Amino acid sequence: MLIASYSFGSKENMIGDTSFYDKSKGYGFVDLSSPIGNTASERSLYAGGWNLRKSYKTPWDDIVTATDNGVYINHSRDVIIFKSLVPDFGTYKITLNVNADKGDIKDMRIFAGRRNLIASEIDVPLGGSYSRSFYVNVTPYIPALTSVPCMEKAVYISITGKNAGISKLDIVQDQVPVLYVAGDSTLTDQNAPAPYYPYGSGGGWAQNIAQYFENLSVCNYAHSGLTTNCFRDDGHWDILTKSIREGDIFMLQFGHNDQKRRNLTAFGGYINNLRWYVKKIREFGAYPIICSPISRIPFTDEETGKKCSLLKTYALAARQASEELNVPFIDLHTLTFNKWIELDDRANDYFMDQTHTNDYGASLIAGIVADEIRNNNIEPLCNFISPADPAPFTPDLDIKELPKEPEESSIFDINIPYVDIEGIPQYERIATAFKGGLLDPCIMYLHPMQTMPRAQVLMVLFKALRIEGRRPYHGRYIDIGRYEWDSSFVETCVQENLIDENTTPNDMFRPDDPLTYAEFASLCERGMEKEVLKRPDLGLSECLHRAVADGIVPPEAVYIDPSSFDSSDITDGGCPITRADVYAGLCRVMEIMNTIGTKLPSDTEMHPVG
């Protein structure tokens, strides 16, 4: 069913270059200079995945030009975004036409939805024309940094490139199979600043996959910071269950954040969750596909000289899950790990940091995924692969120099996002700990009354102390693996005398045991003691009493020998400490050390949201 047909240009009854979006009309160009929302993530949601650079002051009249045959960009890096409301959630066929009326069109790129790349490197000579039909999926979406879903029903089309433009746009409500994608920040829809510089624009690989398909809609529901647990617990899975249909495809890639949770070990909670998703997807009559997590830029083990990854066990678990469940498998970890080694130092040109790719890296990985689908005849996706591959998109095609921007406000300046901490006694201190950068802003549930595993507390402790993890891990404890996420923190603890040896009997760190009040007090008090050689003299009892005096643990916490503590008394020094008391205590540590407002450690992995 035809929903809308728009003609663009300077003639009467056409959509001209000053026709901005108005809700009463239901369509128009998006004015990036008048954003809607409190964060960059939220603002980009209502602007097709874009935010205006603060340094950019060019007026709209200088950005676009209307002719009799369309609306065109005056400067190749500028972006024009057109928005049209649609009546329902679901799939829509979009047909876009552009006539090269202003000059030769060069390197035009078409995006849909939240900056999902549809077509790239489009060249049209003056007087020529170009047409492209594709499908988009409109669905409720929970933005980063909030628990409130966006229920807007709208199609966004954005265009960039030299003399690029739009002449006609048709929107037809139509049903085709949908490729649903679930995962983390390495494949999510990242927002980008306009004007557009791909080198400095973060991108998730699933944001670039739609350009490889025909007669298929892509719904990228990957989100920054999510684990296999969070995707289900935070409501994202529930939203998709309302729209997934028989014959759809569901692709999963998790691991980057699972490895930071002790309850989501590769062959424990992580693989169990993959099995759960596969079972549920098949119950809908849909087709599951498992991808192993992409590799970060490999690091070199200083002792062995080998290139290493911290995600290998998660890749192995993903493979095992796919084999035992007879699910198609794409080993993105091995493929990308080898690619980054092949690129050597040039791999940095494909990344924003050690983990998150820019648009070049995202495009490269999307191409790898498409090749795997095609070469391995992964059903049913291989039936939708377009015969025409996009042109190569590499960093040597463009400049690496980026416009200088004013310093952005901190992601931690937002209101605390957790839905399960209101009214608890530790609320104010947890809010301060959040402002200090200790907590993950991308999750909805903090689970304040749960305990925290001993190894998992180290990452947040190090943020409070503003110290970094160190590699390689030299194997002090037999229950910590050399290439585990937590091993760098444990190695620093060993070197800095932060661990009371009485808490690690038989060369066991006990990484999965709940942290006790006394153990937490010991880590904090030793960490605040500036003289490293004095730290071993600080016993558990002394540290606990110091921590009580310093306001780091509740005053009723009293140390007794761990072999005789009363497990029913949560405030006993030998009993497990709650997450709420951990975060409240670390807030007090930061106050004492005056680290609130200072930079986080350089090895802190930040989720690319704003």
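Residues numbered from 1 in each chain as written. Predicted model: local features only at pLDDT ≥ 70, side-chain atom pairs only at ≥ 80, totals over all residues. Heavy atoms only, no water.

**Here's the deal with the packing of aromatic side chains**
Enumeration over the complete set of coordinates arrives at 31 aromatic pairs. A ring pair is formed by Phe20 and Trp60, whose centres lie 5.2 Å apart and whose planes are at 55 degrees; its orientation type is tilted. Residue Phe20 is located in the loop between strand S1 (2–7) and strand S2 (27–29), and its partner Trp60 is located in helix H2 (residues 60–63); the two are separated by 40 residues in the primary sequence. A residue is classified by how much of its surface remains accessible, and Phe20, at 28% relative accessible area, is partly exposed. Residue Trp60 is classed as buried on the basis of its relative accessible area of 15%. Feature note: the residues Tyr180, Phe231, Trp237, Phe250, Phe254, Trp276, Tyr277 and Phe284 constitute an aromatic cluster, connected by ring pairs. Note that Arg109 overlies the ring of Phe393, its terminal NZ or CZ placed 3.9 Å from the centroid. Its end group placed over the ring of Tyr277, Arg232 keeps NZ or CZ at 6.0 Å from the ring centre. (Phe/Tyr/Trp six-rings, centres within 6.5 Å; stacked < 30°, edge-to-face > 60°. Helix = DSSP H or I, 4+ residues; strand = E, 2+ residues; numbered from the N terminus. Buried < 20%, exposed > 50% of the residue type's maximum accessible area, 1.4 Å probe, protein only. Lys NZ or Arg CZ within 6 Å of the ring centre and 35° of its normal.)

**Digging into the packing of helix H10 (residues 456–465) against helix H12 (residues 517–528)**
Viewed as axis vectors pointing N to C, H10 and H12 meet at an angle of 30 degrees, and their least axial separation amounts to 11 Å. As far as their axial angle goes, H12 and H10 are roughly parallel. Seen from above, H10 lies across H12 with right-handed handedness. Contacts between H10 and H12 pair Val457, Leu458, Leu461 and Leu465 from the former with Leu523, Cys524, Gly527 and Met528 from the latter. Considered class by class, the residues forming the contact of H10 with H12 number seven nonpolar, one polar and no charged. (Axes fitted to C-alpha atoms, helices over the stretch in contact; angles between N-to-C directions. Parallel < 35°, antiparallel > 145°, perpendicular 65-115°, else oblique. Left-handed = near helix turned anticlockwise from the far one by under 90°. Contact = heavy atoms within 4.5 Å. Nonpolar A, V, L, I, M, F, W, Y, C, P; charged D, E, K, R; others polar.)

**Some details on empty space enclosed by the protein**
Per the stated rule, a full pass over the model turns up six cavities of 30 Å³ or more. Empty space within the largest cavity amounts to approximately 360 Å³. What lines the largest cavity is a set of 23 residues, and nearest its centre among them are Gly113, Arg114, Asn137, Val138 and Ala154. Elements with a minimum of two residues in the lining of the largest cavity: strand S9 (116–124), strand S10 (129–138), strand S11 (154–162) and strand S16 (217–220). Ranked by residue count, the leading element in the lining of the largest cavity is S10, at four residues. (1 Å grid on protein atoms, 1.4 Å probe; cavity = no way out; pocket = protein on both sides within 12 Å on 5 of 7 lines; lining within 4 Å. Points joined across faces, edges and corners; volume = space filled by probe spheres on them.)

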